[in-house]
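Survey of secondary and tertiary structure
Okay, here's what each chain looks like letter by letter:
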Amino acid sequence: MDRVLVEVLITVSLLSLSAVITTSASLTYTRLKQFTEELSYEKALYSLAGAIKGAVVASIISGNNVSTSISFHNPVTIEAEGEFLKVYLMNSVRLIYLGVMTVGGGCGRVFYITASENLVFLTSNP
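Throughout what follows, the structure given in this document is the object of discussion. All values derive from a computational prediction rather than experimental measurement.

**Focus on the overall build of the protein chain**
- Summing up its helical and strand segments, the protein chain has one helix and three strands in all.
- From first element to last, N terminus to C terminus, the protein chain shows the α and β order α-β-β-β.
- A globule of 126 residues ought to have a C-alpha radius of gyration of about 14 Å, yet the protein chain, at 25 Å, is considerably larger.
- Each principal axis of the C-alpha distribution contributes one length, and for the protein chain these read about 90 × 25 × 20 Å.
- In the protein chain, which comprises 126 residues, the proportion classed as buried is 25%.
- The contacts in the protein chain between residues at least 6 apart in sequence include a share of 55% that link residues at least 24 apart.

**Some remarks on the pattern of salt bridges**
- Within this structure, the stated rule accounts for two salt bridges.
- Of the charged contacts in the structure, one is a salt bridge between Glu7 and Arg3, with a shortest N-O distance of 3.2 Å. Of the two residues, Glu7 and Arg3 are both situated in helix 1 (residues 2-62); the distance of four residues between them amounts to about one turn of the helix.
- Accessibility expressed as a relative area gives 65% for Arg3, which makes it exposed.
- The closest approach of N and O atoms between Glu81 and Lys86, which form a salt bridge, is 3.4 Å.

Basis of the calculations
Residues numbered from 1 in each chain as written. Predicted model: local features only at pLDDT ≥ 70, side-chain atom pairs only at ≥ 80, totals over all residues. Heavy atoms only, no water. Helix = DSSP H or I, 4+ residues; strand = E, 2+ residues; numbered from the N terminus. Rg over C-alpha atoms; globule rule 2.2 N^0.38 Å. Buried < 20%, exposed > 50% of the residue type's maximum accessible area, 1.4 Å probe, protein only. Contact = heavy atoms within 4.5 Å. Salt bridge = Lys/Arg side-chain N within 4 Å of Asp/Glu carboxyl O.

Given below as structure tokens:
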């Protein structure tokens, strides 16, 4: 009888340990995934800001309006507000100062940029 009780206790202990390890691994994976997504949004924000500034510079050099586009791996929600760009994350908003008036925004993977010397229109692919 003691042997059966010991085997049951060992089995229950191993199952409990397995559940704790699985839960811990799942939580770690969730945190890592969220961190990676936030880095992806940060990269998208800085890439878009760079593309906008590049279009403005090209417009200044050429003296004409410049149109270009930029695409991202994952859909991004971006809003232009005056001289700032906002990208919406799951629980927060990231903001970057552009230094040029920007109008528009949207949600999607492709964004179209039309820049003049002092105004930028930003639209997403419908």
